Amino acid sequence: MINRCVRRRLAYGAALLLCAASLALPLRGASQVYPPHSQEGTIPGETASTAQQRAALAALHRRIERERIKHVVIIIQENRSVDNFFQGFPGADTVAYGSTHEGAVGLHAVNLAYPVDVDHQHRAFLTEYDNGRMDGWDRVATEPGSPYPDFPYAFVPRREIEPYWDMALQYTFSDRMFQSNTGPSFPAHLYLIAGESDFAANNPNHIETSRFAWGCDSPPNATVSVIASSGEEEPGGFPCYDFRTLADTLDFKGVSWRYYAPALDHKGSIWSAYDAIRHIRYGPAWNNVVSPETRVLGDASVGALPTVTWVVPKASNSDHPFPLKKSNYDLGLVGQHGPQWVAGVVNAIGQGPDWRDTAILVVWDDWGGWYDHVAPPQLDRMGLGFRVPFIVISPYARKHYVSHVRHEFGSIVKFVENVADLPSLDTTDDRADALWDCFNFEDPPTAFTPIPLGGPVSFNDVRGENINPDDDF
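Residues numbered from 1 in each chain as written. Predicted model: local features only at pLDDT ≥ 70, side-chain atom pairs only at ≥ 80, totals over all residues. Heavy atoms only, no water.

Quick word on empty space enclosed by the protein
Moving on, step 1. Under the definition given, this model contains two cavities of 30 Å³ or more.
Moving on, step 2. Reported here for the second largest cavity is a volume of approximately 40 Å³.
Moving on, step 3. For the second largest cavity, the full set of lining residues is Ser185, Phe186, His189, Leu190, Trp214, Ile270, Trp271, Ser272 and Ala273.
Moving on, step 4. Here the residues of the lining of the second largest cavity are counted per class, giving six nonpolar, three polar and no charged. (1 Å grid on protein atoms, 1.4 Å probe; cavity = no way out; pocket = protein on both sides within 12 Å on 5 of 7 lines; lining within 4 Å. Points joined across faces, edges and corners; volume = space filled by probe spheres on them. Nonpolar A, V, L, I, M, F, W, Y, C, P; charged D, E, K, R; others polar.)

Now the structure itself:
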């Protein structure tokens, strides 16, 4: 007798083959049927019949993702590009040399915690992108000033971030995840909860000294610049918004969610995106924003995670390079332990009861000013921005696979919508794919193998986390 698992595989495979045949897609096995980049909407020159067939395939993908995945965990780290973090990764599109205005320059090694921050505001993107020439990293500022102009042409050696490489080698790594915006953390994090930032271009220009918030808890005189319809950066308003987010559609559908973030008196809370959504910050849904962020470890280990989870780190677990004060006073942060932190969260989930139906998406919020050689497609006034690393970890993630399919932050939003059966936010999720190529739902779920941490780390060490913030770009 054919068991239930085999019957399911046959049913999914047959359905995928039928849809693929109607679309005339090339096949190398049912699990390798990939849709066009945009599964919905219209494609110029497409016939009505082909559009209907493509919509049917997209609906099938949504059903399969919804049946197999019951928990989505989005782990957000800080400020790295693909060339900076995964230089030389097997099968990925990376380079050992970069382009400057003077010619080629070799990428040099830099420590993970090296205390120099490269400008990654919208203005820096424009300089580095240089109308698609991708040669402007020698003309951006650093804090503190670098002794040589080629500093942003750098990579972090594998030995310093081994847990990330272990995850990427074992599961799916994408070398075509583009951030949807062309600026720093504040708008980037909004895109990861809503697929938009209301055109916010940069970080708010003021921050409290006792509350590290970029949003509704900002000082009354804080503003954030915007990208106007002309494409120019202009002054904007107070960084507290009321646009629709995934939290709203999740609540509407009665689907559980939680956002794990540092408390407001710790520096990592600047990355707590729902602080910038007025009706969340001042409504009952704020109870779903959980501090400290380390509570995710215990919740994951006992199977208490909601359907959708976001996790943002404290500063010393973020991968963000923090400079010294201009007065040469050290900020007090004790190293950078992002690889160990992420591996710890992944291990708690993988060794917990929910592993069999969980998808973990590890993404970096922006490129951090570091060199990346791939010119991002320009889809609207906001982006796309440069590539950021992206790792998919799941019992259904493709093993030892490098995705070359174009993804963006809207892809993460769309994947959540598929899994939770949510309506579209009608933002970048409309044009994005839903990460279909990163998964293999034809085979049974695989067992979890713990990720080595590479040394003991105390995730509860908060030294330097509650002091005055630096002048971060």
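Observations regarding the packing of helix H2 (residues 48–68) against helix H11 (residues 409–420)
Moving on, step 1. Where H2 contacts H11, the axes come no closer than 7 Å and their chain directions differ by 70 degrees. Taken together, the axes of H2 and H11 lie roughly perpendicular to each other. Taken together, the residues of H11 that come into contact with H2 (itself represented by Arg62, Glu65 and Arg66) are Phe415, Asn418 and Val419. (Axes fitted to C-alpha atoms, helices over the stretch in contact; angles between N-to-C directions. Helix = DSSP H or I, 4+ residues; strand = E, 2+ residues; numbered from the N terminus. Parallel < 35°, antiparallel > 145°, perpendicular 65-115°, else oblique. Contact = heavy atoms within 4.5 Å.)

Description of the packing of aromatic side chains
Moving on, step 1. This structure, assessed with the given rule, holds 32 aromatic pairs.
Moving on, step 2. Between the aromatic rings of Phe86 and Trp165, the centroid separation amounts to 5.7 Å while the plane-to-plane angle is 25 degrees, which identifies the pairing as stacked. Linking Phe86 in the loop between helix H3 (82–85) and strand E2 (97–100) with Trp165 in helix H5 (residues 162–170), this pair joins segments that are 79 residues apart in sequence.
Moving on, step 3. Judged by relative accessible area, which is 0%, Phe86 ranks as buried. (Phe/Tyr/Trp six-rings, centres within 6.5 Å; stacked < 30°, edge-to-face > 60°. Buried < 20%, exposed > 50% of the residue type's maximum accessible area, 1.4 Å probe, protein only.)

Points about unusual backbone geometry
Of all residues except glycine, most have a negative phi; of all peptide bonds, most are trans.
Moving on, step 1. Cis rather than trans, the peptide bond between Glu143 and Pro144 has omega equal to -5 degrees.
Moving on, step 2. By the element assignment, Pro144 lies in the loop between strand E6 (142–143) and strand E7 (154–155).
Moving on, step 3. A cis amide bond links Ser291 with the next residue in sequence, Pro292, at an omega value of -5 degrees.
Moving on, step 4. Within the element layout of this structure, Pro292 appears in the loop between strand E13 (289–290) and helix H9 (295–301).
Moving on, step 5. Residue Asp426 is not a glycine yet carries a positive backbone phi of 60 degrees.
Moving on, step 6. With respect to the helices, strands and loops of the structure, Asp426 is situated in the segment after H11.

Section: the state of the cysteines
What we call a disulfide is simply a covalent bond connecting the sulfur atoms of a pair of cysteines.
Moving on, step 1. Inspection of the entire model under this criterion finds one disulfide.
Moving on, step 2. Each sulfur of the disulfide joining Cys216 and Cys240 lies 1.9 Å from the other. Disulfide Cys216-Cys240: the torsion about the S-S bond is 85 degrees, which places it as right-handed. With Cys216 in the loop between helix H6 (185–194) and strand E10 (226–227) and Cys240 in the loop between strand E11 (233–234) and helix H7 (246–253), this pair connects stretches of sequence that are 24 residues apart. (Disulfide = S-S within 2.5 Å.)

Comments concerning H2
Moving on, step 1. For H2, spanning 21 residues, the distance from its first C-alpha to its last is 31 Å, which sits close to the expected 30 Å at 1.5 Å a residue.
Moving on, step 2. All buried positions along H2 are accounted for by Arg54, Leu57, Ala58, Leu60, His61, Ile64, Glu65 and Arg68. Seen end-on, H2 carries its buried residues on one side only, within an arc spanning 155 degrees. Among the exposed residues of H2, those pointing more than 90 degrees away from its buried face are Ala48 and Gln52. (Expected span 1.5 Å × (residues − 1). Arc of directions from axis to C-beta.)

Notes on the pairing of E2
Moving on, step 1. Judged by which residues are buried, E2 turns out to be one-sided: Gly98 and Thr100 face inward and are buried, whereas Tyr97 and Ser99, on the alternate face, are not.
Moving on, step 2. Note that E2 and strand E3 (residues 103–106) share four bridges and pair antiparallel. Across the sheet, the residue bridging to Gly98 is Val105, located in E3.
Moving on, step 3. Connecting E2 to the next strand, E3, in antiparallel fashion are two residues. (Pairing = 2+ DSSP bridges.)

As for the nonpolar core
Moving on, step 1. One finds Trp257, Tyr259, Tyr274, Trp310 and Val363 to be the most contacted residues of the largest nonpolar core, which totals 114 residues.
Moving on, step 2. If we ignore the near neighbours within four places in the chain, the residues touching Val363 are Ile74, Ile75, Ile76, Gln77, Met177, Leu192, Val388, Pro389, Phe390, Phe409 and Ile412.
Moving on, step 3. Among the nonpolar cores identified, the runner-up in size contains eleven residues, and Phe125, Met134, Trp137 and Trp367 belong to it. (Core = buried A, V, L, I, M, F, W, Y, C linked by side-chain atoms within 4.5 Å.)

Regarding the confidence of the model for the protein chain
Moving on, step 1. Residues with a pLDDT of 70 or more make up 83% of the protein chain, whose mean pLDDT is 87.
Moving on, step 2. Of the regions scoring below 50 in pLDDT, residues 467–471 engages in 19 contacts with residues more than four places distant in sequence or in other chains. (pLDDT = per-residue confidence, 0-100.)

Looking at the side chain of Thr245
Moving on, step 1. Within the element layout of this structure, Thr245 appears in the loop between E11 and H7.
Moving on, step 2. Given the relative accessible area of 0%, Thr245 is considered buried.
Moving on, step 3. A polar contact is formed between the side chain of Thr245 and the backbone nitrogen of Ala247, at a distance of 3.2 Å.
Moving on, step 4. Other than its neighbours up to four places away in sequence, Thr245 contacts Ile193, Ala194, Tyr274, Ile277 and Leu425. (Polar contact = N/O pair within 3.5 Å; in protein donor to acceptor, adjacent residues only side chain to side chain.)

Side note on the sheet that holds strand E1 (residues 71–77)
Moving on, step 1. Read from one edge of the open sheet, eight strands run E13-E12-E14-E1-E15-E16-E8-E17, paired in mixed fashion. One side of each edge strand has no neighbouring strand; the edge strands of this open sheet are E13 and strand E17 (401–403).
Moving on, step 2. Of the strand pairs in this sheet, E1 and strand E15 (residues 358–364) are connected by seven bridges, and their pairing is parallel. The residue of E15 that forms the bridge with Ile76 is Val363.
Moving on, step 3. Sheet contacts for H11: E1, strand E14 (308–311), E15 and strand E16 (390–393); angle to E15, the most-contacted strand, approximately 165 degrees.

Re the pattern of salt bridges
Moving on, step 1. One pass over the structure, following the stated rule, counts 17 salt bridges.
Moving on, step 2. Between Arg387 and Asp83 there is a salt bridge, and its shortest N-O distance comes to 3.5 Å. Separated by 304 residues along the polypeptide, Arg387 in the loop between E15 and E16 and Asp83 in helix H3 bring together distant segments of the chain.
Moving on, step 3. Judged by its relative accessible area of 0%, Asp83 is buried.
Moving on, step 4. Among the salt bridges present, the one from Asp299 reaches Arg258, with a minimum N-O distance of 3.4 Å. Of the two residues, Asp299 sits in helix H9 while Arg258 sits in strand E12 (residues 257–260), which places them 41 residues apart along the sequence.
Moving on, step 5. When its relative accessible area of 21% is taken as the criterion, Arg258 is described as partly exposed.
Moving on, step 6. Among the charged side chains, a network of salt bridges with common partners joins Arg66, Lys253 and Asp421. (Salt bridge = Lys/Arg side-chain N within 4 Å of Asp/Glu carboxyl O.)

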